[in-house]
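Coordinate inspection notes
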Amino acid sequence: MPLSLHPPPIRFDEALERVEPDEAETVEQLVETLTRINRTTLEHDKHAHRSVHAKSHALLTGELIVPGDLPRELAQGIFAREGRYPLVMRLSTVPGDILDDSVSTPRGMAVKIIGVEGERLPGSDGDVTQDFVLVNGPVFSAPNARRFASSLKFVAATTDRAEGAKKALSVVLRGTERVIEAFGGRSATLLALGGQPESHPLGDTYYSQAPLRFGDYVVKLSIAPHSPNLTALTDAELDLDGKRNGLREAMVEYFAGQGGEWEVRVQFCTDPETMPIEDASVAWPEERSPYIDVARIVLPPQPAWNAVRRAAIDDGLAFSPWHGIAAHRPLGSVMRARRVAYKVMARFRAHHNGMTIREPRSIADLRI
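Just so it is clear, the model here is predicted, and its values are computed rather than measured.

Rules of the game
Residues numbered from 1 in each chain as written. Predicted model: local features only at pLDDT ≥ 70, side-chain atom pairs only at ≥ 80, totals over all residues. Heavy atoms only, no water. Helix = DSSP H or I, 4+ residues; strand = E, 2+ residues; numbered from the N terminus. Buried < 20%, exposed > 50% of the residue type's maximum accessible area, 1.4 Å probe, protein only. Contact = heavy atoms within 4.5 Å. Areas by Shrake-Rupley, 256 points an atom, 1.4 Å probe, with all protein chains shown as cover. Pairing = 2+ DSSP bridges. pLDDT = per-residue confidence, 0-100. Phe/Tyr/Trp six-rings, centres within 6.5 Å; stacked < 30°, edge-to-face > 60°. Lys NZ or Arg CZ within 6 Å of the ring centre and 35° of its normal. Axes fitted to C-alpha atoms, helices over the stretch in contact; angles between N-to-C directions. Parallel < 35°, antiparallel > 145°, perpendicular 65-115°, else oblique. Left-handed = near helix turned anticlockwise from the far one by under 90°. Nonpolar A, V, L, I, M, F, W, Y, C, P; charged D, E, K, R; others polar.

Notes on the overall build of the protein
Within the protein, the secondary structure is distributed over 8 helices and 9 strands. Of all 368 residues assigned to the protein, the portion counted as buried reaches 57%. Considering only intrachain contacts with a sequence separation of at least 6, the fraction spanning at least 24 residues in the protein is 78%. Of the accessible surface of the protein, which amounts to about 16000 Å², a share of 53% is contributed by carbon and sulfur atoms.

In structure tokens form, the structure reads like this:
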């Protein structure tokens, strides 16, 4: 049965992307700034972390379940046929330095699906993985790579400095954000700077923020709590006072006794004017194109974080939207910049940690 969307989703076309003439120079600046963050945290911690999303709070394994009765428009790419795929999930916070959790910043979810066949994206030839990289807000903090590269210079200048001041600022920003949200708003800037509410990350909904190809179409992707034990955590307050690793402790406690189920959802681009490809800071209006469920992620109870998982997943894996199949090609300026930047940052970590980072071919490759 065909999907009923009005207006209908637009077809993918190469012409939807517009590469700026100075984009290569922008990527160079971005890589330079990210490397500066890497070097700063390496000097401080004697360990190479990610330059963004450095601190992990849960390192999990589970399964993606794709149903066999999806309408044609939804049966695209990895979702084209019924199947079950093992996966790895990493939950994190955005900064490149390892901060006390009372500095409340946006949360990230990275998912690596294993056993995926199909024409590969450039640089992932021979692999069988598909990554989705998401944050718990519908829009990116900057419209394009150029603006992001500019704002990241400020972040680099404050990396590993004045954690006490960051804590104090975070308290103020959380209060300001509460006022804005009480009137139905949301400030991506305040959230990024430390205004993220102190809520349970497992109750959050996560978004690709930037678009990607969805076979014949173009979408943004989201992963949202589905099982009652997860939806009960949406907006649930979490006391992080005096708990440097309080987010991790909460997730370790949760997964010690129960698992959870998430919806994987897509939002079709139906109008390239109001749903731009090149501006990741614009929310696509859900009243014109709602998110639609296409699959489930199921995670069983498990150890959510330990030294073995940290070595295998934090240090041994890299997550990138460019690990995947051509049917889910990342789109837009921000996504194009990630293709080079993520690869360079992974090499930095591998070199300084004396680790080999490679794409798994089965869940058993992780040895956890």
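Examining the environment of D241
Along the chain, D241 turns up in the loop between α5 (228-231) and α6 (246-257). For D241 and D101, which are 140 residues apart along the polypeptide, the C-alpha to C-alpha distance reads 8.6 Å.

A look at the pairing of strand β4 (residues 129-135)
Of all 7 residues in β4, 7 are buried, a share of seventy percent or more. Burial along β4 is two-sided: T129, D131, V133 and V135 and Q130, F132 and L134, pointing in opposite directions, are all buried. Judged from the 7 bridges that link them, strand β3 (residues 107-114) and β4 form a sheet pairing that is antiparallel. By the bridge assignment, I114 is partnered in β4 with T129.

Here we look at the confidence of the model for the protein
Across the protein, the average pLDDT comes to 90, with 89% of residues at or above 70. The low-confidence segment residues 162-183, where pLDDT is below 50, has 43 contacts with residues more than four positions distant or belonging to other chains.

Observations regarding the packing of aromatic side chains
Tallied over the entire structure, the rule returns 6 aromatic pairs. Considering the side-chain rings of Y207 and Y291, the 5.8 Å spacing of their centres and the 65° angle between planes classify their relative orientation as edge-to-face. Linking Y207 in strand β5 (residues 206-207) with Y291 in the loop between β8 (260-268) and β9 (292-299), this pair joins segments that are 84 residues apart in sequence. In this pair, the class of Y207 matches that of Y291, namely buried. Summarising the aromatic geometry, the rings of Y217 and F268 are spaced 5.6 Å apart at their centres and angled 90° between planes, so their arrangement reads as edge-to-face. Here Y217 is found in strand β7 (residues 217-225), whereas its partner F268 is found in strand β8, with 51 residues between them in sequence. What makes F268 buried here is its relative accessible area of 0%. The ring centre of F319 lies 5.0 Å from the NZ or CZ of K112, which sits over that ring. In this structure, R248 packs its charged tip against the face of W305, placed 3.9 Å from the ring centre.

Observations concerning the packing of helix α1 (residues 23-45) against helix α2 (residues 145-158)
It is the contact of α1 with α2, at a shortest axis distance of 9 Å, that shows an interaxial angle of 20°. Relative to α2, the element α1 lies roughly parallel. Pair α1 / α2 crosses with left-handed handedness. Of the residues in α2, those in contact with T26, Q29, L30, T33, L34, R36 and I37 of α1 are A145, R146, F148, A149, L152, K153, V155 and A156. Classifying every residue of the contact of α1 with α2 gives 9 nonpolar, 3 polar and 3 charged.

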